[in-house]
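Chain and residue survey
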Amino acid sequence: MSAGGVETAVATRAMRGAETRARAAARAALDKPWVVRTLSLVVVLGAWQLFGNAYSTSFPSDIVRAFPHEFWHHVAPGFADTLKGFGAGYGVCIVAGIPIGLAMARSRLVELICEPYVNALYATPRLALIPVLILWLGITFEMRFAVVVVSGLFPIVLNTYLGGKEVDSNLLDAGRAFNATGLQALRTIVVPASLPYIFAGLRLGMARSFIGIIVAELETSVLGIGNVINRDVMALRFDHMWVAIVSLGVFSIAVTALLKWAERWATMPWLRAGRRGGLWPSRA
Amino acid sequence: MAVARVTAAPPAERRDVRRTPFLYRPVGIWTVRGLTLAAILAGWQLYARHLQRALGAPPTRVAQALWGQVWTHHTIYGPLGSSMEALSLGFLLSLAIGIPVGIAMGRWRAVEHVLDPYISFLYALPHVAFIPVMVFWLGFRLEFRLAYVVLSAVFPVIINTMAGVKNIDPELLAAGRAFCASERQIMRGIVLPATAPYMVAGGRQAFSSAWVGVVVAEVLSTQDGLGGLINHYADYFLTADMYVPILAIMAIAITIQNVASWLQVRLTPWSNTARRERGGNGG
C-alpha cells in the first residue's frame, strides 16, 4: 500500500482519507461491546423470524406474544413444583454435605472410609441412577428429591474435603499452641479457610442438582418445568417451549449471580465494611 | 548446596524415628478400605434378601448378571461400542468446534461480542432442557446423541481456550509484532503454544462432560448404548442385569477421569494443575 504513495493524485488521497475514516468509525463501533451484541442479536433473531418454521422452531414474534400468558399459566406453576423438589434436595445436600466433607478432612478414619466412594460417585454420571431411583421410589416427589441429593451431594462433599485438607498447617499449629479445642479450631480456622472451596462446591452442586431435577422431570414427565417442556414439544407448541427454556435460562443466570454475591459476601468480609451505602451490609 | 542439604536433612530423620501411624501405613489404609467394602457388600446382601426381586438384587446376583453379559451372552459389547462411538466422535467434534471458536473469541474482540450472549446463555442453561426438541429435530439416531454430546462438552473447551488466549503475556504479542510477524506466524508461534495448557484443561473437563452427555442422551431417549441398556432391563424389571450397565458407566467415568488427568500431566507438564497433581500423587 505504501509503495503506491508516489503517484497518488489528490483526489485518490482524499478518497482514501474518507475510506480510512469510515473504516476507523467501523472499528470504533466494533469495539463497543453493546453495539456488537445488539447487532448480532438483531441479525440472529431476524434470520430466525425469516427462516423459522412454526412446526419445528417457531418464531421470535410468536414467542414474545405467547410469553405473558404461557409464563403465568404454565411455566410459573411448573417452576413452583420444580423448586419444591430442588429446594428440599439442595438443602439436604448443604446440611449433610458440608459436615461430611469437614469430617473427612479432619479425621483420617472417615477419610479412608469415604474417599473412594465419594470420588467414584463424584466422577460418575449419576443420572444413570435415575431408572433405579424410579424403580425404588416411583415417580413422586421422593424420586425427584433423591435425584437432587444424589446429584448435588458429592460436589459439595468433595470440595469441602479438599478445602479442609488445604488449610495452612501453621494456622492449625498456632491454634493448638493456644490450646484451642477441636471445635474452636474447626469454627475459627478450618471453616473460614475452606470457605472458597465450600462455595465452589455449592455452586457446582447447585448446577448439577438443577440439571438432575430437570432430567428426572423429563424422564418421568409428571410435574415440573421439565414436564412442561416435554408436553409443549409433544403438542408441537414450540413457541411455548421457548418460553419455558428462556425462563429457565434467566432463572439459572439469576441464581448463579446470587450465589456469586453470597460467596463474595462470605469470603471477603473486608468488602462489606469498606463499601458504605452499597449492596454490602455494613458491620461498623 | 552443602548448606541446603544440611537444612533439608532433619525432617527426613525425624520421619524415620517416629513410626508412621497405623492409618497412614499401606496396611492400615487397605485394612480400612477392605473392611468398608466388605461391610457395604454384606449390608447390601442382607438387605436385598428382604426385597422383592424386581426392586433389589444382592451383589451375588449382580455378579452373576455381569458374568452372563460379559462372558456367556456377550450382550454388553454392542451397546458399549455404540456408547464409545458417540463419546469419541462427540468429544473430537467438541474439540474441533471449541478450539477455533475459543481462539477467535479470545483474539478478536468483535467475535467475542458477537458470540458471548449465546454462549453465556447456553452455558448457564441446563441444556438437558433441549433434549425433547433435539429428539424432534434429529430423531433417535447417532446425530442426536452427537449433537447433545457436543452441546454438553463444547462450552468448557470454548471458555478455557478463550481464557488462555486472553491471558497471553501482551509483551510476547508485542515482540512478535515488533519483528513483523504475520498473523499466521503469531498464531502458530505465540498464541497456540501459550494457550495449550488451557486447551488441555478444557479438553479434560470436556471429556468428563461428554461422557455425562452420552449417558443422559441415552437414558432419556434412545434404546442405544449403555443408557439404553439400563432402560431396557428396567422395563423388564431385570434388576440385577440393570446394575451391570450402571457399573460399566461408573467404571468408564472413573477411567476417563484418571486418563484425562494423566494426559494433562503428560501433555502440559509445566501447567499449574499438572504440577499440583504430580505433587498430590507424590506426597
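Residues numbered from 1 in each chain as written. Chains lettered and ligands numbered in written order. Predicted model: local features only at pLDDT ≥ 70, side-chain atom pairs only at ≥ 80, totals over all residues.

What to know about the overall build of chain A
Put simply, the rule is: The helix and strand labels rest on DSSP assignments: H or I over at least four residues marks a helix, E over at least two residues marks a strand, and numbering proceeds from the N terminus. Neighbour density around each residue's C-beta defines its exposure: 20 or more other C-beta atoms within 10 Å make it buried, 12 or fewer make it exposed, and counts between make it partly exposed, where C-beta atoms are placed from the backbone. For every residue pair, C-beta atoms are placed from the backbone, and the pair is scored as a contact if these atoms sit within 7 Å.
When helices and strands are tallied, chain A shows 11 helices and zero strands. Its helices and strands taken in sequence order, chain A reads α-α-α-α-α-α-α-α-α-α-α from the N to the C terminus. Across the 284 residues that make up chain A, the buried fraction comes to 34%. Counting only contacts in chain A whose residues sit at least 6 apart along the sequence, the fraction spanning at least 24 positions is 71%.

Observations regarding the overall build of chain B
Tallying secondary structure elements over chain B gives 12 helices and zero strands in all. For chain B, the spread of C-alpha atoms along the principal axes amounts to about 75 × 70 × 30 Å. Each of the 283 residues in chain B was classed as buried or not, and the buried ones make up 36%. For chain B, long-range pairs separated by at least 24 residues make up 72% of all intrachain contacts whose partners lie at least 6 apart in sequence.

Things to note about helix α6 (residues 141–165) of chain A
All names here are of chain A. So the rule is basically this: Each helix should span, by expectation, one fewer than its residue count multiplied by 1.5 Å. For a residue, the bend is simply the angle between two axes, fitted respectively to the seven-residue segment ending there and the seven-residue segment starting there.
Between its first and last C-alpha, α6 extends 36 Å over 25 residues, near the 36 Å set by a 1.5 Å rise per residue. At Leu153, α6 is bent by approximately 30°, the largest bend along its length, and proline Pro155 sits one to four residues beyond. Along α6, 21 of the 25 residues are buried, which leaves the element largely enclosed by surrounding structure.

What to know about the interface of chain A and chain B
Applicable threshold: Nonpolar residues are Ala, Val, Leu, Ile, Met, Phe, Trp, Tyr, Cys and Pro. Charged residues are Asp, Glu, Lys and Arg, and all others, Gly as well, are polar.
Across the boundary between the two partners, chain A contributes 41 residues, which contact 40 residues of chain B. Breaking the side of chain A that touches chain B down by element, the ones donating at least two residues are α1 (10–31), α2 (33–51), α4 (108–123), α5 (130–137), α8 (182–220), α9 (224–234) and α10 (238–267) of chain A. When its residues are assigned to classes, the side of chain A that touches chain B shows 30 nonpolar, seven polar and four charged.

Focus on unusual backbone geometry
Residue and element names in this part refer to chain B. Look at His74: it is not a glycine, yet its phi comes out positive at around 55°. Locating His74 in the fold gives a position in the loop between α3 (59–72) and α4 (77–107). Positioned with a positive phi, Phe237 is a non-glycine residue whose angle comes to about 55°. By the secondary structure assignment, Phe237 is in the loop between α10 (225–235) and α11 (239–267). According to the C-beta neighbour criterion, Phe237 is partly exposed, with 13 such atoms within 10 Å.

What about the domain arrangement of chain B?
Rule in force here: Domain delimitation in this document rests on an assignment produced automatically or drawn from a domain database.
Parsing chain B into structural domains produces domain 1 (2–50) and domain 2 (71–282). Placing the centre of domain 1 of chain B and that of domain 2 of chain B at their C-alpha centroids yields a distance of 35 Å.

Structural notes on the confidence of the model for chain B
Residues and elements named next belong to chain B. Here is the rule we go by: The score called pLDDT rates the predictor's confidence residue by residue, from a low of 0 to a high of 100.
Looking at chain B as a whole, its pLDDT mean stands at 85, while 90% of the residues score no less than 70. Model confidence for chain B, summarised as mean pLDDT per element, is weakest for helix α1 (residues 2–17) at 50 and strongest for α4 at 94. Low pLDDT, under 50, characterises residues 1–9; the predicted model gives this stretch zero contacts beyond four residues in sequence or across chains.

Description of the domain arrangement of chain A
On domain assignment, one finds that chain A holds domain 1 (1–35) and domain 2 (74–271). Look at where the C-alpha atoms of domain 1 of chain A and domain 2 of chain A centre, and you get two points 55 Å apart.

Section: the environment of Leu23(B)
Here Leu23(B) lies in the loop between α1 and α2 (26–49). With sequence-adjacent residues up to four places away left out, Leu23(B) is seen in contact with Arg108(A), Leu109(A), Leu112(A), Gly28(B) and Val32(B).

What about the packing of helix α8 (residues 170–178) of chain B against helix α9 (residues 183–221) of chain B?
Residue and element names in this part refer to chain B. The following threshold applies: Only C-alpha atoms enter the line fits that serve as axes; for helices the fit covers just the stretch in contact. Angles between N-to-C directions range over 0 to 180 degrees. When describing relative orientation, an angle under 35 degrees is termed roughly parallel and one over 145 degrees roughly antiparallel, while 65 to 115 degrees is termed roughly perpendicular and anything else oblique.
One way to put it is that α8 packs onto α9 with a least axis distance of 10 Å and a crossing angle of 170°. Our classification of the angle between α8 and α9 gives roughly antiparallel. Residue-level inspection shows Leu172, Leu173 and Gly176 of α8 in contact with α9, the latter providing Ile186, Gly189, Ile190 and Ala194. Residue classes in the contact of α8 with α9 are distributed as five nonpolar, two polar and no charged.

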